[in-house]
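Spelled out from the first residue to the last, the chains are:
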Amino acid sequence: MSETAQVQADDAKIAAFKAALAMHQAGKLAEAEAAYRDILQRWPGHVESFHHVAIIALQRNDLEQAETLLRRLTQAVPQMAPAWSNLGVVLLRQGRAEEAAAAQREALKIQPDFAGAMKNLGNALRELGDMAGAEAEFRRAIDLVPDADGYNNLALALQTRDAMGAIAALRQAVTLDPRHHKALSSLANMLRLQGRIEEARQVWDQAIAVRPDIGLQLMRGLTVNPIIRSREDIEQSRQGLLANISALCLAGLNHPAIDTEVFSTNFFMAYHGRNNRDLHSRIAALYAAICPSLTWTAPHCQRKRPAGGRIKVGFLSQFMRRHSIGRTTRGLIAELDESRFESVALFVPPFIDDEISRFIRDAADHHIMLPKKLDEARRQIAALELDVLFYQDIGMEPYSYFLAFSRLAPVQCVSFGHPDTTGIPNMDYFISNDLFEVPEADAHYSEKLFRLHDLGTLAYYYKPDTPDPIKPRSALPVPQQGRFYLCPQHLFKLHPDFDDIVAGILERDPEAHVGFIAQGAPYWSELILQRLTQRLGPKLIRRVAFIPSQEGPDFLSLLRAADVVLDTVHFNGMNTSLEALSQNAVVVTLPSDQQRGRHTQAMYRKMGITDTIAADAAQYVEIAVRVANDAAWRSALQARIAASNHVLFEDIRVVREFERFFSSAVAAL
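The shown structure was predicted, so the numbers you read here are calculated from the model rather than taken from an experiment.

Side note on the pattern of salt bridges
- Per the stated rule, a full pass over the model turns up 43 salt bridges.
- Salt-bridge contacts for Asp38 lead to Arg42; the nearest nitrogen and oxygen are separated by 3.5 Å. With Asp38 and Arg42 both in helix H2 (residues 29-42), this residue pair falls 4 residues apart, about one helical turn.
- For Asp38, a relative accessible area of 39% translates into the label partly exposed.
- Look at the salt bridges and you will find they share partners, linking Glu67, Arg71, Arg96 and Glu99 into a network.

Right, dumping it as structure tokens:
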């Protein structure tokens, strides 16, 4: 071929590739792929065209084809850094994070200043749980290319360790690109988690203006404050929620996989001190209308169950680990009668391996780590042909909430893990306890209420050990002077009605110091402090302390160090009250009309102790102050608790009562 002909051929090849690339950049994937393949027919071995065919396979999510092509390319041209990096992206999407990280490192060996490979390596490390490593890679990429994508990635690495740093990174991303949809969505969610709901709604509006995602519209419309500002705030929030539900219903929204778009639940409504049956039912109906596939039915649920045989019970949660749900679940699974029941532990992702999750895996007859995708999880659970699917909690995270819309077992039930009704039609039973419920409690649940009988708690709960050594008050980060009143509950449990009780204690006892645990987002403590300052004034607020979170034996020592433990109103402790009573701490409680406000009184009644169950707020203050100030009475109460608290722990009747439910519910089919 002459030099002129070679130049013409090269020009034609360049022009053809440019034309194919223009189609590709315009989103015309089929036309672009055809053009790339035409180039490869005319000029075999055109590396960039081959690479872009692989990229199109990746864009179409044809991961098997993309991996095959990219492996051929990296073998043929091993020094091509972008091919290694794209191979890493494919591997990460397949869930092969370690291999993905290795591919990105290969790309960076070839091209050390490759910012894209740094970002992709950071994503792989984040998937592996190496947040510090991910942060380092994202910061390296930002130093080279300070773009919105880089700051958005950095925020993802920071969000669980440094919320304010993540928010700052997202704000920088949005400053660089005000239409960066992912950064806007993430920023709104981070602000939501901080309790900055009005700011979050403004950012959601910006994100929706860029792209009107149904998920963002639902998040914006259905989110409530994690920290209640006032009693008026509760009413306004609920009225606003009703209006938003109505507007969203009228919008006629439709989405085939809403679980991928909505990443929060109605969790915080449980802390309003109200009956949520109507609101939860309306929200569930809205989701089912938007995404009818949520209500999928497993084939075996349409057949009659064969008579006899063991009853197969699935226990499902994301939190069957070192968590309150893990602690209340493990004993029931371990003690279930194996001759009559077959147990399956269903772990919702992300799976965390610790001593409690291992205990549950060992105790169950079978265990499964469910996949991330809901449709795959449905098929896996359906294949088990369970008789009973027992959700250990619904409403704490979106995966199990949306999974519960499906009919995956003939009997589906939930209990006290998150003690609020679900509103979900396919949830058949709410399992409670006659000592927890008021006579009219059936009206509180969209599910059929099944009352277990005469139990102090709904968990076969292993009694915590006494700390060794027990830390004295002087060794704990608590007020060292005066009398110490401890409220060890999560800050979102602090209803405004509790503010009057705190005020009453501080007014009645000039030596009182009230301590709260600084858990959750830092802004939550600020909001509670603002609300209490408004109620208490500048003088009394000086005797309110926020204590750093304590774990394990230190938390038990903290409970022992308190002169009196204050139970929150409208939503009591369950694990916390059990742990306090295990340490012979005196807990003061005020029952409400909802189950979640009646846990501690049931424990006391089962122990035969009613002295610290208040009838109203005034009596609550009176009892708390007397316990803290009357050392002889406090000592006598502690002795009575020590003598009777055994009835709350490792009570086999709890297991037998759950077995009664499983048997009767299956028989009722």
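What about the sheet that holds strand E10 (residues 544-548)?
- Spatial strand order, E10-E9-E8-E11-E12: 5 strands in an open sheet with parallel pairing. Single-partner strands in this sheet number two, and they are E10 and strand E12 (587-588).
- Of the strand pairs in this sheet, strand E8 (residues 483-487) and strand E9 (residues 512-518) are connected by 5 bridges, and their pairing is parallel. Within E9, the residue paired with Arg483 across the bridge is Ala512.
- Strands in contact with helix H25 (residues 617-629) are E8, strand E11 (564-566) and E12; relative to E8, the strand with the most contacts, it is inclined by about 130 degrees.

Some details on the packing of helix H14 (residues 231-250) against helix H15 (residues 277-290)
- Viewed as axis vectors pointing N to C, H14 and H15 meet at an angle of 25 degrees, and their least axial separation amounts to 10 Å. The orientation of H14 relative to H15 falls into the category roughly parallel. Where H14 crosses over H15, the handedness of that crossing is left-handed. For the pair formed by H14 and H15, the contact residues are Arg238, Leu241, Leu242, Ile245, Leu248 and Cys249 on the first element and Asp278, Leu279, Arg282, Ile283 and Leu286 on the second.

Re the side chain of His323
- Inspection of the secondary structure assignment puts His323 in the loop between strand E1 (311-317) and helix H16 (324-335).
- A polar contact is formed between the side chain of His323 and the side chain of Ser324, at a distance of 3.4 Å.

Structural notes on helix H3 (residues 47-59)
- Taking 1.5 Å of rise per residue, the 13 residues of H3 would be expected to cover 18 Å, and the 18 Å separating its terminal C-alpha atoms lies within 8% of that figure.
- Residues Ser49, Phe50, His51, His52, Val53, Ala54, Ile55, Ile56, Ala57 and Leu58 constitute the buried set of H3.

Re H14
- For H14, which comprises 20 residues, the first-to-last C-alpha distance of 30 Å matches the rise-based estimate of 28 Å (1.5 Å per residue) to within 8%.
- Of all the residues in H14, the buried ones are Asp233, Ile234, Ser237, Arg238, Leu241, Ile245 and Leu248. One side of H14 holds all its buried residues, which, seen down the axis, span an arc of 130 degrees. Exposed side chains of H14 directed beyond 90 degrees from the buried face belong to Glu232, Gln236 and Leu250.
- Looking at the buried positions of H14, the neighbouring elements they touch are helix H13 (214-222), H15 and helix H20 (496-508).

Observations regarding the sheet that holds E1
- Reading across from one edge, E3-E2-E1-E4-E5-E6-E7 is the order of the 7 strands in this open sheet, with parallel pairing throughout. A single partner strand is all that each edge strand has here, and the edge strands are strand E3 (366-369) and strand E7 (448-452). Recorded for the sheet is a direction-independent mean angle of 25 degrees between the axes of neighbouring strands.

Description of the pairing of E1
- By the criterion of burial, E1 is predominantly enclosed, with 7 of the 7 residues buried.
- The side-chain alternation of E1 yields two buried faces, one formed by Ile311, Val313, Phe315 and Ser317 and the other by Lys312, Gly314 and Leu316.
- Examined bridge by bridge, E1 and strand E2 (residues 341-347) share 7 bridges and lie parallel to one another. Pairing of Ile311 across the sheet is with Phe341, part of E2.

About the cut-offs
Residues numbered from 1 in each chain as written. Predicted model: local features only at pLDDT ≥ 70, side-chain atom pairs only at ≥ 80, totals over all residues. Heavy atoms only, no water. Salt bridge = Lys/Arg side-chain N within 4 Å of Asp/Glu carboxyl O. Helix = DSSP H or I, 4+ residues; strand = E, 2+ residues; numbered from the N terminus. Buried < 20%, exposed > 50% of the residue type's maximum accessible area, 1.4 Å probe, protein only. Pairing = 2+ DSSP bridges. Contact = heavy atoms within 4.5 Å. Axes fitted to C-alpha atoms, helices over the stretch in contact; angles between N-to-C directions. Parallel < 35°, antiparallel > 145°, perpendicular 65-115°, else oblique. Left-handed = near helix turned anticlockwise from the far one by under 90°. Polar contact = N/O pair within 3.5 Å; in protein donor to acceptor, adjacent residues only side chain to side chain. Expected span 1.5 Å × (residues − 1). Arc of directions from axis to C-beta.

Without other data, these values stay purely geometric and don't point to any function.
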